[in-house]
Amino acid sequence: MRSAKLYRYELPMDSGVILREQRLTVREGFIIELSDGERIGRGEVAPLPGFSVETLEEAYSQLVEQLALWSQGIELDHEPLYPSVGFGLSMAQLELDAILPEPGSFQAAPLCSGDPDELLPKLEAMSGAKVAKIKVGLYEPIRDGMLVSLFLESIPDLTLRLDANRAWTSEKAQQFAKKVAPSLRQRIDFIEEPCQSPGDSFSFAINTGIAIAWDETLQHAVRKEDFKLQDFNGAKAIIIKPTLIGSVERCAELIATAKALGIKAVISSSIESSLGLTQLARLSAWQLTQEVPGLDTIGLFAQQLEVPWPGCELPLVALNQQSLIWQS
Ligand SMILES: O=C(O)CCC(=O)c1ccccc1C(=O)O
Ligand SMILES: [Mg+2]
């Protein structure tokens with residue numbers, strides 16, 4: 001016998017979280033809980049302010065409509081739904097059907113957006129490949145180039161992923177590259193969205209030999225009817241944020257196409273709660289076993305929700321302490 005519950009959560013964030021020049025003091029979202037007999041499956045629906053096309057209210061309306069259909073025994077089509085809704089519903093169904101494996105890739109690439117000293121202990125603690133992500137584009141490009149060179153020269157087994165979130169003009173991107181010796185550039189795994197325009201990013205990759213990754217470009221492209229990944233193969237990698245891309249099936253299809261095209265795919269966080277973040281780690285281990293995911297965002301929160309992130313000591317709040325806003 002099928003039944004569904006919908007919880008709304010509000011989790012306090014760490015003080016300094018800024019997204020697209022907006023301070024994020026609270027993370028809001030929904031948790032779906034599907035039950036069928038003894039089986040339970042959960043999914044997180046958390047549109048990301050400044051990135052998602054849908055608002056929380058729009059996601060809620062679609063969720064209630066879909067959960068009512070599901071509760072009547074109708075199999076849902078996740079594709080036409082908002083990305084966050086398609087992702088949450090598909091993840092809950094996969095968990096309900098015990099298709100999502102338990103093991104997860106919980107050793108994410110440490111994320112550094114400010115003080116390099118915070119990164120060093122995280123790197124020391126890493127076993128296996130030392131891969132870290134540094135946000136660039138927040139300061140002058142020359143400073144970024146010198147910082148990146150300092151890290152690569154002082155930690156010989158370090159590979160860096162960079163993310164400029166489209167901060168640079170072509171000129172600024174060139175200023176950055178000039179400060180990174182060609183011999184070090186091969187240890188830059190990729191730089192996400194270096195320039196304001198994808199065309200300039202592509203030219204940057206050709207001119208400097210520094211590989212690029214599509215993140216925001218992919219998010220925008222997949223919304224178009226005629227999207228084909230083949231049209232974006234100027235990049236070494238694509239960053240897959242399921243909350244911003246869509247259902248797990250959609251993400252799995254993207255991953256398969258990327259593999260066929262020789263493009264690296266990396267599962268990345270859209271600042272989900274620990275419940276959704278641990279599911280993303282399981283999805284990465286399942287679909288991209290050898291890849292280090294970009295999931296080092298639990299430290300942006302002041303609390304965890306229901307399922308703890310391994311090794312995180314932040315307070316854990318239970319799902320049933322959140323607001324139950326709908327049930328079938
Ligand atoms: O990818 C990661 O390592 C962490 C996630 C991340 O950086 C991110 C999180 C929220 C919004 C945008 C981004 C980004 O990659 O630009
Ligand atoms: Mg990015």
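Here the residue index of a chain counts from 1 through its sequence in written order. Note on labels: chains are lettered from A, ligands numbered from 1, in written order. At least 70 in pLDDT is required for a residue's local features to be given in this predicted model, at least 80 for side-chain atom pairs to be given and counted, and no such filter applies to totals for whole chains, interfaces and linings, which use all residues. Each side-chain value is worked out from all heavy atoms of the structure, with water and hydrogens disregarded.

Let's talk about the overall build of the protein
Then, in step 1: In terms of helices and strands, the protein carries eleven helices and 15 strands.
Then, in step 2: Note that the radius of gyration is over C-alpha atoms, with the globule rule given as 2.2 Å times the number of residues to the power 0.38. Its C-alpha atoms give the protein a radius of gyration of 20 Å, within 12% of the compact-globule value 20 Å for 328 residues.
Then, in step 3: Each principal axis of the C-alpha atoms in the protein carries an extent, and together these give about 65 × 45 × 35 Å.
Then, in step 4: Counting only residues that meet the buried cut, the protein has 53% of its 328 residues in that class.
Then, in step 5: In what follows, residue pairs with any heavy atoms lying within 4.5 Å of each other are defined as contacts. Of all intrachain contacts in the protein linking residues separated by at least 6 positions in sequence, the fraction that spans at least 24 positions is 67%.
Then, in step 6: Asp and Glu count as negative and Lys and Arg as positive, but His and the ends of the chain are not part of the count. Lysine's charge is taken at NZ, arginine's at CZ, aspartate's at CG and glutamate's at CD. The positive charge centre, built from 29 side chains, and the negative charge centre, built from 44, are 5 Å apart in the protein. Numbering goes from the N terminus for both helices and strands, where a helix is a DSSP run of H or I of at least four residues and a strand is a run of E of at least two. Accessible area is worked out with a 1.4 Å probe on protein chains only. A residue is then buried under 20% of its type maximum, exposed over 50%, and partly exposed in between.

Brief notes about a negative patch on the surface
Then, in step 1: Side chains of Asp77, Glu79, Glu249 and Glu253 sit close together on the surface and give a patch of like negative charge.
Then, in step 2: Structurally, the position occupied by Glu249 is in helix α10 (residues 248–261). Each patch is built from residues that are more than 30% exposed by relative accessible area and take part in no salt bridge. Like charges join if they lie within 9 Å; nonpolar side chains (Val, Leu, Ile, Met, Phe, Trp, Tyr) join within 5 Å. Computed with the Shrake-Rupley method and a 1.4 Å probe, the accessible areas treat only the protein chains shown as cover for residues. By convention in these notes, a salt bridge is any Lys or Arg side-chain nitrogen within 4 Å of a carboxyl oxygen on Asp or Glu.

Here's the deal with the coordination of the magnesium ion (ligand 2)
Then, in step 1: We call an atom a donor if it is N, O or S and sits within 2.8 Å of the metal, or 3.2 Å for Na, K and Ca. Water is not counted, so some sites may look partial. Within the first shell, the magnesium ion (ligand 2) binds the protein through Asp163 (OD), Glu192 (OE) and Asp215 (OD), at distances of 2.0 to 2.2 Å.
Then, in step 2: As a motif over one chain, the donors of the magnesium ion (ligand 2) read D-x28-E-x22-D. Placement of the pair is Glu192 in strand β9 (residues 188–192) and Asp215 in the loop between β10 (212–214) and α8 (216–221), with a sequence separation of 23 residues.
Then, in step 3: Asp215 gets classed as buried once you look at its relative accessible area, which sits at 2%.

Quick look at the packing of helix α1 (residues 56–71) against helix α2 (residues 83–96)
Then, in step 1: Put simply, α1 and α2 touch, their axes get as near as 10 Å, and they point 35° apart. In terms of crossing hand, the pair formed by α1 and α2 is right-handed. Across the interface between the two elements, Ala59, Gln62, Leu63, Gln66, Leu67 and Trp70 of α1 pack against Ser84, Val85, Leu89, Gln93 and Leu96 of α2.
Then, in step 2: Amino acid classes used here: Ala, Val, Leu, Ile, Met, Phe, Trp, Tyr, Cys and Pro are nonpolar; Asp, Glu, Lys and Arg are charged; the rest, including Gly, are polar. Residues belonging to the contact of α1 with α2 are distributed by class as follows: seven nonpolar, four polar and no charged. Angular values range over 0 to 180 degrees, each being the angle between N-to-C directions of two axes fitted as lines to C-alpha atoms, with helices fitted over their stretch in contact. Crossing handedness is read from the near helix: turned anticlockwise from the far helix by less than a right angle, it gives a left-handed crossing, and turned clockwise, a right-handed one.

Section: the pairing of strand β8 (residues 158–163)
Then, in step 1: For β8, a buried count of five out of six residues is recorded, marking the element as mostly surrounded by other parts of the structure.
Then, in step 2: Across six bridges, the pairing between strand β7 (residues 130–135) and β8 is parallel. Counterpart to Lys130 in the pairing with β8 is Leu158.
Then, in step 3: Handedness of the crossover joining β7 and β8 through helix α4 (residues 141–154): right-handed.
Then, in step 4: Two strands are said to pair when DSSP picks up at least two bridges between them. Pairing geometry for β8 and β9, over four bridges, is parallel. Across the sheet, residue Asp163 finds its bridge partner in β9, namely Glu192. Crossovers are described as right-handed under a simple rule: with the strands pointing away from the observer, the path leading from the first strand over the helix to the second runs clockwise.

Points about the packing of aromatic side chains
Then, in step 1: Here a pair means two rings of Phe, Tyr or Trp (six-membered ring of Trp) with centres within 6.5 Å. Their orientation is stacked below 30 degrees between planes, edge-to-face above 60, and tilted elsewhere. Applying the stated criterion across every chain yields a total of four aromatic pairs.
Then, in step 2: Ring plane angle 80° and centroid distance 5.2 Å describe the contact between Phe106 and Trp309, whose orientation is recorded as edge-to-face. With a gap of 203 residues between them, Phe106 in the loop between α2 and β6 (111–112) and Trp309 in the loop between β13 (304–305) and β14 (316–317) connect regions that are remote in the sequence.
Then, in step 3: Note on Phe106: relative accessible area 29%, which makes it partly exposed.
Then, in step 4: Here, over-ring charges are defined by two tests on the NZ atom of lysine or the CZ atom of arginine: distance to the ring centre within 6 Å, and angle to the ring normal within 35 degrees. Of note, Arg20 hangs over the ring of Phe51, and the distance from its end group to the ring centre comes to 3.9 Å.
Then, in step 5: A cation over an aromatic ring shows up here: Arg143 above the ring of Tyr139, its NZ or CZ 4.0 Å from the ring centre.

Side note on the pairing of β7
Then, in step 1: In terms of burial, β7 is a largely internal element, five of the six residues being buried.
Then, in step 2: As paired elements, β6 and β7 share two bridges and run parallel to each other. Each residue of the ladder has a partner; that of Leu111, found in β7, is Lys133.

A look at the sheet that holds strand β1 (residues 2–12)
Then, in step 1: Taken together, the four strands give an open sheet; going across it, the order is β5-β4-β1-β15, and neighbouring strands pair in antiparallel fashion. Looking at the sheet topology across the chains shown, the edges are occupied by β5 (39–45) and β15 (323–327). Averaged over all pairs of adjacent strands, the angle between strand axes in this sheet comes to 25°, irrespective of strand direction.
Then, in step 2: Where strand β4 (residues 26–36) meets β5, seven bridges bridge the pair, whose relative direction is antiparallel. Its bridge partner being in β5, Leu34 is matched across the sheet by Gly41.
Then, in step 3: Packing against the sheet, α2 makes contact with β4 and β5, and its axis sits at approximately 160° to β5.

Description of α1
Then, in step 1: The span expected for a helix works out to 1.5 Å for each residue beyond the first. In this model, α1 (16 residues) spans 22 Å end to end at C-alpha, consistent with the 22 Å of a helix rising 1.5 Å per residue.
Then, in step 2: Among all positions in α1, only Leu56, Ala59, Gln62, Leu63, Val64, Gln66, Leu67 and Trp70 are buried.
Then, in step 3: Each element contacted by the buried residues of α1 is listed here: β1, β4, β5, α2 and β15.
Then, in step 4: One or two steps after α1, the chain reaches Gly73, where phi turns positive at roughly 90°.

Geometric descriptors of this kind do not, in isolation, establish any biological role.
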